[in-house]
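Observations on chain architecture
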Amino acid sequence: MTVHHTLSAHDMTLAYGELAVVHDLTLKVPQGQVTAIVGANACGKSTVLRALSRLLVPRSGSVLLDGVEIHKQPTAQVARKLGLLPQSPTVPDGIIVSDLVSRGRNPHHSRFTRWSAADDAAVAQALELTGTADLAERYVDELSGGQRQRVWIAMALAQQTDVLLLDEPTTYLDVTHQIEVLDLLADLNQRAHTTIVMVLHDLNLSVRYADCLVVLRNGRLHAIGPPVQVMSERMVEEVFNLGCRIVTDPISGKPMMLPIGRHHNAASAAVTDGSAHSSPAAHEQH
């Protein structure tokens, strides 16, 4: 896979019925990088991902894939370029893991093409990368939430697209498997230059793994840029209504957020680390 495909939104307003959820959003997804979309609950994160993946038609504005409006492109053509792991995918009744993962190959086939050795290799690699090869003959509806999530990610990987969108890929996973999944996505990005866009709730993991942080507030773009520029005490206060201290993550060297909470006032939570990041967020829009 190589980085050929571009994805962007222009003056995009998204709505469910009469309720507008996202307003006038313009966003160019960085090619070949990992982008994390963050923000408080109900700020429009998943809605933006739905629009970028062609599942939701904007009320106004547009989503462009390779410079062409995504809704004007054939479904199969889009699916060969762009893969999606939605937040709560529906498991078909009575399907085993290997069959579900194999469905990731559907965009590469038509009624005139047959299953090939390349398809077998793609499925096998996806199972191996996600640690689900030993589950291949198990029924998906018998798996735990964490196992099932890894199987869905395997299906998305088997699709072998240059752009991969994931809505809460660490849902249902314990901390060990959260790190494994995010490491997997980082490996995919570094090895194949896959453009990855993911919605995450964990701000610190978002900062650690993302090259670009997109911060939404009340359905509008609040900040965008490298985490070291965007992550600040001011941003966390304005977006999440949470007091915090920003220190340097000793593992990644990136900013890390320490929440204060009701039982710890600012004085008792004071941080003496001279490398703390407390400057205002870059590119903030007010």
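Further up the page is the structure itself.
Below is a summary of the structure that appears in this document. All values reported here derive from a predicted model rather than from experimental measurement.

Let us now look at the overall build of the chain. Each helix and strand in the chain was counted, giving 9 helices and 12 strands. In terms of overall dimensions, the chain is globule-like: its C-alpha atoms have a radius of gyration of 20 Å, near the 19 Å expected for 286 residues. For the chain, the spread of C-alpha atoms along the three principal axes comes to 65 × 45 × 35 Å. Burial analysis of the chain (286 residues in total) assigns 48% to the buried set. Long-range pairs, those at least 24 residues apart, make up 66% of the contacts in the chain with a sequence separation of at least 6. Element-wise, carbon and sulfur atoms account for 51% of the exposed surface of the chain, whose accessible area totals about 13700 Å².

Counting 37 residues, the largest nonpolar core has Val97, Val101, Leu164, Leu185 and Met198 as its most contacted members. Elements supplying a minimum of two residues to this core: α3 (97-102), α4 (117-129), α5 (145-158), β7 (163-167), α6 (175-192), β8 (195-199) and α7 (203-209). Considering every element that reaches this core, the biggest residue donor is α5, with 8 residues. Leaving out residues up to four positions away in the same chain, valine 101 has contacts with Val123, Ala126, Leu127, Val151, Ala154, Met155 and Ala158.

Below, the discussion takes up a negative patch on the surface. Taken together, the side chains of Asp174, Glu180, Asp183 and Asp187 present a region of like negative charge at the surface. Locating aspartate 187 in the fold gives a position in helix α6. Taking relative accessible area as the criterion, aspartate 187 reaches 41% and is therefore assigned partly exposed.

Moving on: the pairing of β7. Taking burial as the measure, the 5 residues of β7 include 5 buried ones, the bulk of the element. With burial as the criterion, each face of β7 is covered, one bearing Val163, Leu165 and Asp167 and the other bearing Leu164 and Leu166. Across 5 bridges, the pairing between β7 and β8 is parallel. Its bridge partner being in β8, leucine 164 is matched across the sheet by isoleucine 196. Taken together, β7, α6 and β8 constitute a β-α-β crossover, and its handedness is right-handed.

Looking now at the sheet that holds strand β4 (residues 60-65). Strand order across the open sheet formed by 4 strands is β2-β1-β4-β5, with antiparallel pairing between neighbours. Both outer strands of the open sheet, β2 (19-28) and β5 (68-69), are each paired with one neighbouring strand and no more. Note that β4 and β5 share 2 bridges and pair antiparallel. Across the sheet, the residue bridging to leucine 64 is glutamate 69, located in β5. Helix α1 (residues 45-52) contacts β1 (7-16), β2 and β4 of the sheet and is inclined by roughly 120° relative to β1.

The computed volume of the largest pocket comes to approximately 470 Å³. Along the wall of the largest pocket there are 18 residues; nearest its centre are Leu55, Ala79, Leu82, Leu84 and Gln159. In terms of residue class, the lining of the largest pocket is made up of 10 nonpolar, 6 polar and 2 charged.

With that settled, the discussion passes to helix α9 (residues 233-240). Residues spaced three or four apart along an α-helix face the same direction, because each turn holds 3.6 residues. Along α9, the positions that sit buried rather than exposed are Met235, Val236 and Val239. The buried side chains of α9 occupy one side of the element, clustering within an arc of 95° when seen end-on. Packing partners of the buried residues in α9 comprise α7, β9 (212-217), β10 (220-225), α8 (227-230), β11 (244-248) and β12 (255-259). Asparagine 241 occupies a position one or two residues after α9 and carries a positive phi of about 55°.

Before going further, it helps to spend a moment on the pattern of salt bridges. Tallied over the entire structure, the rule returns 7 salt bridges. The partner of aspartate 119 in a salt bridge is arginine 105, and the shortest N-O contact between them spans 2.9 Å. A residue pair is termed long-range when its members are at least 10 positions apart, and aspartate 119 in helix α4 and arginine 105 in the loop between α3 and α4 qualify at 14 residues. Assigned by exposure class, aspartate 119 and arginine 105 land together as buried.

If you walk across this open sheet you meet the 6 strands as β6-β7-β8-β3-β9-β10, and the pairing is mixed. The outermost strands of the open sheet, each flanked by one partner alone, are β6 (82-85) and β10. Neighbouring strand axes in the sheet, compared pairwise and without regard to direction, differ in orientation by 15° on average. Note: β6 against β7, 4 bridges, orientation parallel. Bridging from a neighbouring strand, glycine 83 pairs with leucine 164 of β7. Where α1 meets the sheet, it contacts β3 (34-38), β6, β7, β8 and β9, and its direction lies at approximately 150° from that of β7.

Quick notes on the rules
- Residues numbered from 1 in each chain as written.
- Predicted model: local features only at pLDDT ≥ 70, side-chain atom pairs only at ≥ 80, totals over all residues.
- Heavy atoms only, no water.
- Helix = DSSP H or I, 4+ residues; strand = E, 2+ residues; numbered from the N terminus.
- Rg over C-alpha atoms; globule rule 2.2 N^0.38 Å.
- Buried < 20%, exposed > 50% of the residue type's maximum accessible area, 1.4 Å probe, protein only.
- Contact = heavy atoms within 4.5 Å.
- Areas by Shrake-Rupley, 256 points an atom, 1.4 Å probe, with all protein chains shown as cover.
- Core = buried A, V, L, I, M, F, W, Y, C linked by side-chain atoms within 4.5 Å.
- Patch = residues over 30% accessible without salt bridge, like charges linked within 9 Å, V, L, I, M, F, W, Y side chains within 5 Å.
- Salt bridge = Lys/Arg side-chain N within 4 Å of Asp/Glu carboxyl O.
- Lys, Arg positive; Asp, Glu negative; His and termini not counted.
- Charge placed at Lys NZ, Arg CZ, Asp CG, Glu CD.
- Pairing = 2+ DSSP bridges.
- Right-handed = clockwise from strand over helix to strand, strands pointing away.
- Axes fitted to C-alpha atoms, helices over the stretch in contact; angles between N-to-C directions.
- 1 Å grid on protein atoms, 1.4 Å probe; cavity = no way out; pocket = protein on both sides within 12 Å on 5 of 7 lines; lining within 4 Å.
- Points joined across faces, edges and corners; volume = space filled by probe spheres on them.
- Nonpolar A, V, L, I, M, F, W, Y, C, P; charged D, E, K, R; others polar.
- Arc of directions from axis to C-beta.

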